[in-house]
Each structure stands twice: as structure tokens, then as C-alpha cells.
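In case you want the letters, here they are:
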Amino acid sequence: MHLVYPAVLAALLFCTGLYGVLARRNVILILMSVELMLNAVNLNLVAFDVWLRDKLHSGQALTLFTIAIAAAEIGIGLAIVLAVHRNRGTTDIDKLRDTAESPDPDDPHDPEDPEDPDDPHGPDDPHGPDDPDDPDGPEDREEKAEAAA
């Protein structure tokens, strides 16, 4: 058997999978592309095992191990995709870049709110509203804020 034919087919499969991973935006299609890449590796393992006439058939054994790992990867990957789809309502990669939960716009005590109306120092001031190292106490700051307004 010629080694060139399965090697070229495996290279085409791997390149197709790589293109799918880089160009697709749907998580399920990305997982399918990763499976294409793993199947290309499996094809190479079996082809080289046959070409080298290995007595232990280590290429085929490694292929079975790779298939088992790929099955586990797909199971966990699809579980994650389903959980994300339930929470976010989409599987589009561009919309899932920020994995943290979105803040509630009605929450008045949002710690990441950059424009707090009660803080006259602003969000970039190293002395927060209750900083003990601040020479001006909270009463002085309130008076200054009222005078400035």
C-alpha cells in the first residue's frame, strides 16, 4: 500500500478541520471541525502502522485510545454547549466572548458601576468614599460637593 494516499487524505481532512475551527462561529460546528482533525490524526496513525508493519499494532491501539478521548470530549463539549445555550440563548462565539454573567441593570448596588452619584471623587480616585487615609472626612467631602454644585 502506498503511504501517500492516506497521508494526503489525512492532510486534507486536517486542513478542512482547521479551517472550520478558525472560520466558524457556531460552537457545534467548531466541535465537529475538531473531530475532523482528530480523525485525520487517526487516519495517519493507522496508515503508518500498516506501512511500518508493526507487530504490536501500536498505531491502531493509539487510534482506539484517541477515539475514546474524542468521544469523551464530544460528550463534555456538548454538555457545556447545552448549558451555555440554556443560560444565554445562543451558541454564537462572537456573542459568548464574555463568559461572566451580565450585570443586572436594575441593581443599585452594582460594584462595577463607574458613575456612582454618591461618590464625588469618581471611579479613578485612589481614595474611595470611606478611605481612612483621606485627610478630608466624609463630612468635609459632602460640604465640598455641595459647594461645587
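Predicted, not measured: the structure shown is a model, and the values here were computed from it. (Residues numbered from 1 in each chain as written. Predicted model: local features only at pLDDT ≥ 70, side-chain atom pairs only at ≥ 80, totals over all residues. Heavy atoms only, no water.)

## Some words on the side chain of Asn42
As for its position among the elements, Asn42 is in helix α2 (residues 27-52). A relative accessible area of 8% places Asn42 in the buried class. Beyond its immediate sequence surroundings of up to four residues, Asn42 is in contact with Thr63, Thr66 and Ile67. (Helix = DSSP H or I, 4+ residues; strand = E, 2+ residues; numbered from the N terminus. Buried < 20%, exposed > 50% of the residue type's maximum accessible area, 1.4 Å probe, protein only. Contact = heavy atoms within 4.5 Å.)

## Regarding the packing of aromatic side chains
For the coordinates displayed, the defined rule picks out 1 aromatic pair. When the centroid spacing of 6.1 Å and the interplanar angle of 85° are considered together, the rings of Phe48 and Trp51 count as edge-to-face. Of this pair, Phe48 and Trp51 both sit in helix α2, 3 residues apart, roughly one helical turn. The exposure class of Phe48 is partly exposed, given its relative accessible area of 35%. Classification of Trp51 as partly exposed rests on a relative accessible area of 47%. (Phe/Tyr/Trp six-rings, centres within 6.5 Å; stacked < 30°, edge-to-face > 60°.)

## As for a nonpolar patch on the surface
A surface patch of nonpolar side chains, about 440 Å² in accessible area, is lined by Val4, Tyr5, Val8 and Leu12. When you line up the elements, Val8 lands in helix α1 (residues 4-23). (Patch = residues over 30% accessible without salt bridge, like charges linked within 9 Å, V, L, I, M, F, W, Y side chains within 5 Å. Areas by Shrake-Rupley, 256 points an atom, 1.4 Å probe, with all protein chains shown as cover. Salt bridge = Lys/Arg side-chain N within 4 Å of Asp/Glu carboxyl O.)

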